Every structure is written in C-alpha cells, then in structure tokens.
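Here is how the chains run, residue by residue.
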Amino acid sequence: LNAIAREFDVAWRSSSRADHSVLEWPGRPLRKDEAADAVRTAVTEGNPADDMDVDLAGFTPPVVPLDGNVVSTVSQLDYDSGTGRFAAVLTVTAKGMNPIESPISGVVEQMVLAPVALTRLPQQMVLRKDDVRLGRVRAASVQNAIARSIDQIVGMQLRRPVAAGQPLLLSDLTRPPLVQRG
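In this report, the structure presented in the accompanying data block is examined.

Reading guide: rules and limits
- Residues numbered from 1 in each chain as written.
- Predicted model: local features only at pLDDT ≥ 70, side-chain atom pairs only at ≥ 80, totals over all residues.
- Heavy atoms only, no water.
- Core = buried A, V, L, I, M, F, W, Y, C linked by side-chain atoms within 4.5 Å.
- Buried < 20%, exposed > 50% of the residue type's maximum accessible area, 1.4 Å probe, protein only.
- Helix = DSSP H or I, 4+ residues; strand = E, 2+ residues; numbered from the N terminus.
- Contact = heavy atoms within 4.5 Å.
- Salt bridge = Lys/Arg side-chain N within 4 Å of Asp/Glu carboxyl O.

Below, the discussion takes up the nonpolar core. Among soluble globular proteins, nonpolar side chains are generally buried collectively. Membership of the largest hydrophobic core comes to 22 residues, with the highest contact counts inside it found for Leu30, Val39, Leu56, Val74, Leu90 and Ile104. Elements with a contribution of two residues or more to this core: α2 (32-43), β2 (52-56), β5 (85-93) and β6 (100-117). The element contributing the most residues to this core is α2, with six residues. Non-local contacts of Leu56, meaning those with residues more than four positions away in its chain, are made with Lys32, Ala35, Ala36, Val39, Phe86, Ile104 and Ser105.

Our focus in this paragraph is the environment of Val107. For Val107, the location among the structural elements is in strand β6. Remark: the alpha-carbon pair of Val107 and Ser81, spanning 26 residues in sequence, is separated by 9.8 Å. Aside from chain neighbours lying at most four places away, what touches Val107 is Asp53, Val54, Asp55, Thr83, Gly84, Arg85 and Phe86.

Scanning all chains against the criterion turns up nine salt bridges. With its nearest N and O atoms 3.0 Å apart, the salt bridge here joins Arg136 to Asp51. Here Asp51 lies in the loop between α2 and β2 and Arg136 lies in strand β7 (residues 132-138), a separation of 85 residues in the sequence. Overall, the relative accessible area of 41% leaves Arg136 in the partly exposed class. Residues participating in the shared-partner salt-bridge network are Arg28, Arg31, Asp33 and Glu34.

What follows is the structure in structure tokens.
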C-alpha cells in the first residue's frame, strides 16, 4: 500500500503491517447470451437470417459495469462451418472501463423450425394439431427430410413411435388406410 501511495503521490503511510485496503467496483458478470450474440453476429456476417445456437464451453464471464452500455464484439474468429467449432477473442467495452479481451471457444449449431411431438406418440396413431407444436431442432440431428409445417402432418398416421420433443420425419408418416381390413 505504501508503494502504491508513493506511485500516485498520495500523502499517506500505513500505521502497521496489518493495514489492508478493499476496492469495491459495482459490476456484474457479462451474461453468457451477450457473448453468444457477439459470436452469432460474427459467424453470420453476410447472412443474418441464420438461426443458430452458440455453446460457449467453459465460459468465464468478465465483470462489467452495472449501469452502462456494454458492447461485446468478436475478433480473430476461427470458424469451421463443417463441424461448427470456433475459437475467437471476445472484446468487451463500456464507458468508463478499459476494454477486456478474453479468448472464447465453443460450438455453433444451425437450428431449424419443425413440428415436434408434445408427448410420446405411439405407432399407428393418426396425428392431430394438439399432438405437435413447432419447435427449434438442431439441423445436424435431422439427416432425413422432416415435416416443416403442422398442416403437413395433421391427419397422417405414424409408422413408428416418436419420443416427446422429437421432430417428425416424413419417412415415418403415411396416409391412414381409407378401408380397414375385415
């Protein structure tokens, strides 16, 4: 403390070795979604219509001022569109603070909007509007053609059971028979 006081020309001397100082800076941790938005902006530059989830593995948020306009930007982006993995430098700025730079990495996953089952749907069930809802699903997890609208599947019959939250594949749907056997 004595050295800091001398460095800044403050006329102060500690009275004992037990003296200590506490510096309080009102702040909050940067929210993960603020950092994810910055990554999303950097990845979609030139194509802002893409819907994607950003997973920031091991994110340690920097502390930013409580009140103030915090701006998060991403630079030095190394993004592999095939795997979705990225590494970058997150720069956080706000009025009255020095910029904070920290390395970040994670995975970006493309999302699509598709009908998903509300509950477990059994095989041979004829689908109604109440059985499904539109939900965001990972595009990579849907390799086959999926239904894109609820109207496309209402009245169709399931060839196999579908778990709750799962998208409905077109290959799992068939028209119900008009005439029942027997």
